[in-house]
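These are the residues of each chain, in order.
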Amino acid sequence: ATLARRNPDPRFVRSPPTLTPPPLHPPGPVNIHENVLRAMDRPSQNHRDPWFAPFFQKVLSDSKMIFGTTKGTPLIYPGTGTGGWESALTNTLSPGDKILTFRYGQFSHLWIDMMNRMGLDVEVIECEWGEGADEARLAAALKADTGKKIKAVAVVHNETTTGVTSDIARVREAMDGAAHPALLLVDGVSSIGALDFQFDKWGVDVAVTGSQKALSLPTGLALMAVSDKAIEAKKTATLKKCYYDWTDMFNTNPSGNVPYTPSIPLLYGLAESLALLRAEGGMAAFTARHHRLAEGTRKAVAAWGLKLLCKNPRWQSDSLTVIEAPAGIDSGKIVAEAYARYNLSIGVGLSKVAGKVFRIGHLGNMDEVMSASALAGTEMALLSAGAKITPGSGVGAAIEYWAATSKVIPTRG
Ligand SMILES: *Cc1c(COP(=O)(O)O)cnc(C)c1O
């Protein structure tokens, strides 16, 4: 019944079970809302015809809401979050420029790898996986930079390998406290559209996200917001760039044009996804929903007697929960059992924490009932993998919390 509800398309209902896509509960890609699927299901259209410019201008402008910006310039590229990273670096920096950043998971690690490959001088604050951006260490590194050699501070807001959300407001305070003029580049790939993000208030200079995380679209768009300060830095930035050169966007976007062929289905999907977030009530409403889903999930983890990888409650992520496997059980086995026996896709542990943790996403197109089904499936998978947990304990704790804190949906009152 659950599958039929999510995939009423008869092509899927008739498929053999092995071909049925499972409900998705990793931290991305994320389940695509039916309205979004239908919005994308269109014949090809020509972006040089007159309809495109006003359509694109609206979706570009509407995208500012998820970044928490009115002052920033939005950009939408055919690409992925990784392309957004590259664009943030190459448009603002020059070879040999110093960049200060943290390593606390696989995504921050990969961004650092890119910085090195780009020929930047990278200063890394090494952290344990499960920690977030330590503002005191950042402040110390910035104060030590008396010659103001550091041109940018780069932070992964929500580290999707560890379930840790860093506090960007306090990162900004540390930068201001050191009176440091560096740019602030933020990877918001698994936060923007799910968690509170205040591009203007936090003084972010480049924020990056991708379509397949909180926006719950197929992969294929890199979305950004860039500040006037970043645009000013671009004037002297000499890192090589071509496809991701903002200049080509700045020359075309104001008239509603694009420098290369856009993915029109993805743009229709984005327009619908943003409309759903607006209808829900915007940033305050969708961040509150993500907090509720995360709290319920954390209550389930506690009831199972398991631990979060996140080392400090202030960094607990509301977009995904990363859970340490019970002693003696390979976390990969839990994820494999979920997929093989219960047609449920959850996230494996990556890199350093492979085999040690598993990840439950609750970002994007997600509600209590979907999350409850993910928790029930995870609980069955834990039992199948040999974990000594009490059946129903996690689901019970989560639904008790959700029922006690539920409100009538505004449009159903
Ligand atoms: C998924 C993810 C990325 C990579 O994005 P792609 O779209 O796969 O290129 C980068 N950073 C974070 C935090 C992510 O979750």
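Residues numbered from 1 in each chain as written. Predicted model: local features only at pLDDT ≥ 70, side-chain atom pairs only at ≥ 80, totals over all residues. Heavy atoms only, no water.

K.L.:
With reference to specific residues and values, describe the overall build of the protein.
P.N.:
When you go through the protein residue by residue, the secondary structure sums to 16 helices and twelve strands. Taken along its principal axes, the extent of the C-alpha atoms in the protein is 60 × 55 × 40 Å. Residues classed as buried in the protein amount to 55% of the 413 residues present. Counting only contacts in the protein whose residues sit at least 6 apart along the sequence, the fraction spanning at least 24 positions is 73%. On the protein, roughly 17100 Å² of surface is accessible, and the fraction owed to carbon and sulfur atoms is 56%. Of note, the protein has its 43 positive side-chain charges centred 1 Å away from the centre of its 39 negative side-chain charges. (Helix = DSSP H or I, 4+ residues; strand = E, 2+ residues; numbered from the N terminus. Buried < 20%, exposed > 50% of the residue type's maximum accessible area, 1.4 Å probe, protein only. Contact = heavy atoms within 4.5 Å. Areas by Shrake-Rupley, 256 points an atom, 1.4 Å probe, with all protein chains shown as cover. Lys, Arg positive; Asp, Glu negative; His and termini not counted. Charge placed at Lys NZ, Arg CZ, Asp CG, Glu CD.)

K.L.:
So, the sheet that holds strand β1 (residues 73-78): which residues are in play, and what are the values?
P.N.:
An order of β1-β9-β8-β7-β4-β2-β3 is seen for the seven strands of this open sheet, with the pairing classed as mixed. Each edge of the sheet is formed by a strand with only one pairing partner; in this case those strands are β1 and β3 (121-126). Neighbour-to-neighbour, the strand axes of this sheet turn through a mean angle of 20°, independent of strand direction. Here strand β8 (residues 206-210) runs beside strand β9 (residues 221-226); their pairing, made up of five bridges, is antiparallel. Looking at the pairing, Ala207 lines up with Ala225 of β9. Its contacts with the sheet place helix α7 (residues 106-117) against β2 (98-103), β3, β4 (150-156) and β7 (183-187), and it is angled at close to 160° to β2. Along the sheet, helix α8 (residues 135-144) makes contact with β2, β3 and β4, crossing β3 at roughly 145°. (Pairing = 2+ DSSP bridges. Axes fitted to C-alpha atoms, helices over the stretch in contact; angles between N-to-C directions.)

K.L.:
Describe the site of the ligand, listing the residues and the values that go with them.
P.N.:
Surrounding the ligand, one finds 13 residues, the nearest of these being Thr80, Thr82, Thr160, Asp187 and Lys213. Between the ligand and Gly81 there is a distance of 2.9 Å, counted from an oxygen atom to a backbone nitrogen or oxygen. Contact distances for the ligand include 2.7 Å between a nitrogen atom and a side-chain N or O atom of Asp187. Relative to its unbound accessible area of 380 Å², the ligand is 89% covered by the protein chains. Among the elements that line the shell around the ligand, the one with the most residues is helix α6 (residues 81-90), at three residues. (Near = heavy atom within 4 Å. Polar contact = N/O pair within 3.5 Å; in protein donor to acceptor, adjacent residues only side chain to side chain.)

K.L.:
Report on the pattern of salt bridges, specifying residues and quantitative values.
P.N.:
Tallied over the entire structure, the rule returns 19 salt bridges. Among the salt bridges present, the one from Glu123 reaches Lys98, with a minimum N-O distance of 3.1 Å. Of this pair, Glu123 sits in strand β3 while Lys98 sits in strand β2, and the two are 25 residues apart along the sequence. According to the relative accessible area criterion, Glu123 is partly exposed, its value standing at 26%. Classification of Lys98 as partly exposed rests on a relative accessible area of 24%. Close ionic contact of Arg170 with Glu135 constitutes a salt bridge, the shortest N to O distance being 3.8 Å. Remark: Glu135 occurs in helix α8 and Arg170 occurs in helix α9 (residues 168-177); sequence separation between them is 35 residues. You can call Arg170 partly exposed: its relative accessible area is 35%. What emerges from the salt-bridge pattern is a single network uniting Glu295, Arg298, Lys299 and Asp318. (Salt bridge = Lys/Arg side-chain N within 4 Å of Asp/Glu carboxyl O.)

K.L.:
Would you mind going over α7 in detail, with residue names and values included?
P.N.:
With twelve residues, α7 extends 16 Å between its outermost C-alpha atoms, agreeing within 8% with the 16 Å of an ideal straight helix rising 1.5 Å per residue. Among all positions in α7, only Gln106, Ser108, Trp111, Ile112, Met114 and Met115 are buried. The inward-facing, buried residues of α7 abut α6, β2, β3, β4, β5 (158-159) and β7. Downstream of α7 by a residue or two, Gly119 has a phi angle that is positive, lying close to 85°. (Expected span 1.5 Å × (residues − 1).)

K.L.:
Got a sec to walk through the pairing of β4? Specific residues and values, please.
P.N.:
Two faces belong to every sheet, and in a regular strand the side chains alternate between them. Burial of β4 is extensive: six of the seven residues sit out of reach of the surface. Direction of pairing for β2 relative to β4: parallel, over a ladder of four bridges. When the bridges of β4 are listed, Ile99 appears paired with Ala152. Judged from the five bridges that link them, β4 and β7 form a sheet pairing that is parallel. Looking across to β7, one finds that Val153 is bridged to Leu184.

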